[in-house]
Amino acid sequence: MNGYCDFQQQDQARMARYSAFEVIKNAFTGNKGWQPAWRKPEPKKSYDVIIVGGGGHGLSTAYYLASVHGITNVALVEKGWLGSGNIGRNTTIVRSNYLLPENIAFYEKSMQLWRSLSHELNYNVMFSPRGVLNLAHTPGQMDVYAERGNAMRLMGGDAELLNRDQVARLNPGLDVSGNARFPVVGGLLQPSAGSARHDAVAWGYARGADLLGVDILENCEVTGFLREGDKIVGVETSRGKIRAEKTAVAVAGSTSRVMRLAGINNLPIESHVLQAFVSESLKPVIPNVVTFGGGHLYASQSDKGGLVFGGSLDGYNSYAQRGNLPLVEEVMNEFLAMYPRFARLRLLRSWGGVMDMSMDGSPIITKGPLPGMYLNAGWCYGGFKATPASGWCFAHTIANDGPHEINAPFTLERFKQGRPLDEKGVGPTPGYH
Ligand SMILES: Cc1cc2nc3c(=O)[nH]c(=O)nc-3n(C[C@H](O)[C@H](O)[C@H](O)COP(=O)(O)OP(=O)(O)OC[C@H]3O[C@@H](n4cnc5c(N)ncnc54)[C@H](O)[C@@H]3O)c2cc1C
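Every chain is numbered independently, its residues counted from 1 as its sequence is written. pLDDT decides what is reported in this predicted model: residues at 70 or higher carry local features, side-chain atom pairs at 80 or more are listed and counted, and totals for whole chains, interfaces and linings draw on all residues regardless. Each side-chain value is derived from all of the structure's non-hydrogen atoms; neither hydrogens nor water enter the calculation.

As a further point, take the pairing of strand β10 (residues 231-237). Note on classification: 1.4 Å probe, protein chains only; a residue is buried when its accessible area is under 20% of the maximum for its type, exposed when over 50%, partly exposed between these limits. Numbering goes from the N terminus for both helices and strands, where a helix is a DSSP run of H or I of at least four residues and a strand is a run of E of at least two. A large share of β10 lies buried, amounting to 5 of its 7 residues. Strands were regarded as paired on the criterion that DSSP finds at least two bridges between them. Note that strand β9 (residues 222-228) and β10 share 6 bridges and pair antiparallel. Paired with L226 across the two strands is G234, which belongs to β10. Between β9 and β10, which follow one another and run antiparallel, lie 2 residues, and G229 among them has a positive phi close to 65 degrees. Strand direction decides the pairing type here: β10 and strand β11 (residues 240-249), joined by 4 bridges, are antiparallel. Residue G234 lies in a different strand from β11, and its bridge partner there is R243. Between β10 and β11, which pair antiparallel in sequence order, lie 2 residues.

Here is the structure:
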């Protein structure tokens, strides 16, 4: 509790830097009056908790460890700079439109945290609940959406089944004519879903964690784990050895490589590249997030006006942070099947990120697999929207040496026990999750 009060006091001091007065003052003084949003401390010899990975999940874990559990003697160890991983590479979609009760409960927790995140962090993460619309192209698909929508509503979420005219009214740019390559018959809308500004999420959590006393150690790569017998007692890094009572790993696409340093070689995870694309800026044309039902494509419009979209994995295992042309062609075809009017739009950028695809499409947030260790992984296509709940649950698991009921289902053991949380019922085929 003291930590939180200190946080508020320090934050009030920092708030002054973000006031309209400070913005105007700095505009006239060459923007030289701003302070860094987080410190650059030297590593201490030991901490209560080390978090490996300065992506969204590592940062939110650090923040909730300090703010909810009062554990502030924490080091967050990042091999590059904050935001260099998938937290800064995703297409920013935030939703909880799942079918399995375990997943709905978890992602609803995330939605709840998203709604008040800017206020809680005192940092604008630009959460924009503009609605996520899944298009249906067959009556069978409408039945599947009706089932999913009912499951969401039963668990307290929001979902609306739309017919073709309602889809057309909601998203006038879509081709819903009978001549469309995949004619639209309706859709499933989650009105409270939307998007958020990805790098602001990283910076907001970093600033919040730093204010509470967490040491954020950038350019500090974990190269090995310190052990006493079976127990993990810290990490070896490019900036020296650091000991800790508890070592938590949240490295997303690098999970298999980092866990191999601890001798764990058999995680149910494959690493794949996922690409994303952004066009030149347009006036507002896509009011919500839209997904294509005839393939795998999701699109939205950024606040700057660029159309942001992506599709499936490249389809082979890789650690490269850029993708290949066949997927570019597939994504463009799907995008134009939905929006033929954008055929002459120019693409500005494309990039890739390495995804840790779990074998059932659901995440892992657990104690173990070695004593002294905790693991957060397997985020597949959807880890950005999970950022708040993932950190909240992981912090609970680390602080209490056991899971919260929300993340209790997301064990590693489920794969051994034959109890997968296979949302789409597609089996161990990462590309389809
Ligand atoms: C193109 C693309 C689009 C996506 N779109 C969406 C979307 O619309 N919605 C959604 O919900 N999700 C989306 N995702 C998924 C989402 O981005 C990820 O699941 C999520 O960001 C992963 O968690 P993270 O933020 O902690 O990962 P990261 O930001 O990758 O964090 C992991 C960190 O660990 C660090 N690290 C690795 N090895 C070490 C080491 N040895 N020592 C120290 N540090 C190390 C890395 O440098 C990295 O910073 C998308 C992903 C991609 C690539």
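Put simply, a nonpolar core is a bunch of buried Ala, Val, Leu, Ile, Met, Phe, Trp, Tyr and Cys residues held in one set by side-chain atoms that sit within 4.5 Å of each other. One finds F106 and W114 to be the most contacted residues of the largest nonpolar core, which totals 62 residues. Where each domain begins and ends follows an automated or database-derived domain assignment. Taken together, domain 1 (2-80 + 199-266 + 360-432) and domain 2 (93-192 + 270-358) each give at least three residues to this core, which thus spans both. Residues are treated as being in contact if the distance between any of their heavy atoms lies within 4.5 Å. Those residues within four positions of F106 in sequence are excluded, and the remaining contacts are I365, W379, A386, A389, S390, C393, I406 and F410. With 27 residues, the next largest nonpolar core counts V77, I242, V258 and L375 among its residues.

Interface size is commonly expressed as the accessible area that is lost once the parts come together. Segmenting the protein into domains produces domain 1 (2-80 + 199-266 + 360-432) and domain 2 (93-192 + 270-358). Using only C-alpha atoms to locate each centre, domain 1 and domain 2 end up separated by 26 Å. Counting from both sides, the interface comprises 47 residues of domain 1 and, opposite them, 37 residues of domain 2. The quantity reported as buried area is the accessible area (1.4 Å probe) lost by two parts once they are put together, taken as the sum for both. For the pair domain 1 and domain 2, the summed buried area comes to about 3,700 Å², and 64% of that belongs to carbon and sulfur atoms. By convention in these notes, a salt bridge is any Lys or Arg side-chain nitrogen within 4 Å of a carboxyl oxygen on Asp or Glu. At the junction of domain 1 with domain 2, the criterion picks out 0 salt bridges. Think of a polar contact as two N or O atoms within 3.5 Å of one another; within protein, one of them needs to be a possible hydrogen donor and the other a possible acceptor, and neighboring residues in sequence only count if both atoms come from side chains. Here domain 1 is connected to domain 2 by 19 residue pairs in polar contact (both at pLDDT 80 or more). Looking at the side of domain 1 that touches domain 2, the elements that each hand over two or more residues are α1 (2-17), α3 (56-69), α8 (198-211), α9 (255-260) and α11 (387-400). In this classification, Asp, Glu, Lys and Arg are treated as charged, Ala, Val, Leu, Ile, Met, Phe, Trp, Tyr, Cys and Pro as nonpolar, and every other residue, Gly included, as polar. Among the residues forming the side of domain 1 that touches domain 2, the class breakdown is 28 nonpolar, 12 polar and 7 charged.

A helix is expected to span 1.5 Å multiplied by its residue count minus one. The terminal C-alpha atoms of α8, which comprises 14 residues, lie 20 Å apart, in line with the 20 Å expected from a rise of 1.5 Å per residue. Most of α8 is tucked away: 13 of the 14 residues are buried. Where α8 ends, the next residue or the one after it, G213, has phi of about 110 degrees, a positive value.

This brings us to the sheet that holds strand β13 (residues 289-292). The sheet built from 8 strands is open, its strands ordered β5-β6-β4-β13-β14-β15-β12-β16 with mixed pairing. In this open sheet, the two strands that pair with only one neighbour each are β5 (160-163) and β16 (347-358). Across this sheet, the average inter-strand angle for adjacent strands is 25 degrees, counted without regard to direction. One ladder, built from 6 bridges, connects strand β12 (residues 269-281) with strand β15 (residues 306-317); its direction is antiparallel. Within β15, the residue paired with L274 across the bridge is L313. Axis geometry follows a simple rule: fit a line to the C-alpha atoms, using only the stretch in contact for helices, then measure angles between N-to-C directions, giving values from 0 to 180 degrees. In the packing of helix α6 (residues 139-154) onto the sheet, the strands contacted are β4 (132-136), β5 and β6 (186-190), and the crossing angle to β6 comes to about 20 degrees.

On to the packing of aromatic side chains, then. Aromatic ring pairs are described here by two measures, namely the spacing of the ring centres and the angle between the planes. Only Phe, Tyr and Trp rings are paired, with Trp represented by its six-membered ring, and only when their centres lie within 6.5 Å; those with planes under 30 degrees apart are stacked, over 60 edge-to-face, the remainder tilted. Enumeration over the complete set of coordinates arrives at 15 aromatic pairs. For the pair W114 and F384, a centre-to-centre distance of 5.4 Å together with 50 degrees between the ring planes defines the contact as tilted. A residue pair is termed long-range when its members are at least 10 positions apart, and W114 in helix α4 (residues 101-115) and F384 in the loop between β18 (373-377) and α11 qualify at 270 residues. Relative accessible area serves as the criterion here: at 0%, W114 is assigned to the buried category.

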